[in-house]
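So you can see what is in the structure, the chains are spelled out below.
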Amino acid sequence: MKVVQRGIMKILPGKMAEAMELNEKYMAIVTRLVGVPFTMRRYTPFLGGGDVMHTIIFEVEWDSLAAMAAFFEKAMADPEIQAMMPKWEAVEESHEVEVLTLLP
């Protein structure tokens, strides 16, 4: 069963450039871990409330929950990703994650 992981990150004011730089580094590390370019769609709201300029939404489609879990187990054991976590905490106000199933 395919699943979609959606993340909604609220970035602290003045930290968007730093967050985008961290994301580029993260994507390079993840590509190395999985051995192929990692596909993540990234969005920012076009309209909405006052903090939309500080919001990043990302989506990743996984073949299964097991594939997603295996990826995170490998990723969270990686020393480079572990070293990035405090850097993310310094730029994020909040980070929500949703896991969705695709409708037929």
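Scroll up to find the structure this text is about.
Model, not experiment: these values are computed from the prediction.

I would appreciate a short explanation of the environment of Trp 62 in the present structure.
Within the fold, Trp 62 resides in strand β3 (residues 55–62). Overall, the relative accessible area of 9% leaves Trp 62 in the buried class. Distance from Trp 62 to Glu 80, taken between C-alpha atoms, is 23 Å for residues 18 residues apart in sequence. When neighbours within four sequence positions are excluded, Trp 62 is seen to be in contact with Lys 2, Val 3, Gln 5, Phe 38, Ala 67, Met 68, Phe 71 and Phe 72. One polar contact links Trp 62 to Gln 5, side chain to side chain, over a distance of 3.1 Å.

I would appreciate a short explanation of the side chain of Gln 5 in the present structure.
On the secondary structure map, Gln 5 appears in strand β1 (residues 3–11). We classify Gln 5 as buried; its relative accessible area is 6%. When sequence neighbours within four positions are dropped, the list of residues in contact with Gln 5 reads Phe 58, Glu 59, Val 60, Trp 62, Met 68, Phe 72, Val 97 and Glu 98.

What counts, and where the lines are drawn
- Residues numbered from 1 in each chain as written.
- Predicted model: local features only at pLDDT ≥ 70, side-chain atom pairs only at ≥ 80, totals over all residues.
- Heavy atoms only, no water.
- Helix = DSSP H or I, 4+ residues; strand = E, 2+ residues; numbered from the N terminus.
- Buried < 20%, exposed > 50% of the residue type's maximum accessible area, 1.4 Å probe, protein only.
- Contact = heavy atoms within 4.5 Å.
- Polar contact = N/O pair within 3.5 Å; in protein donor to acceptor, adjacent residues only side chain to side chain.

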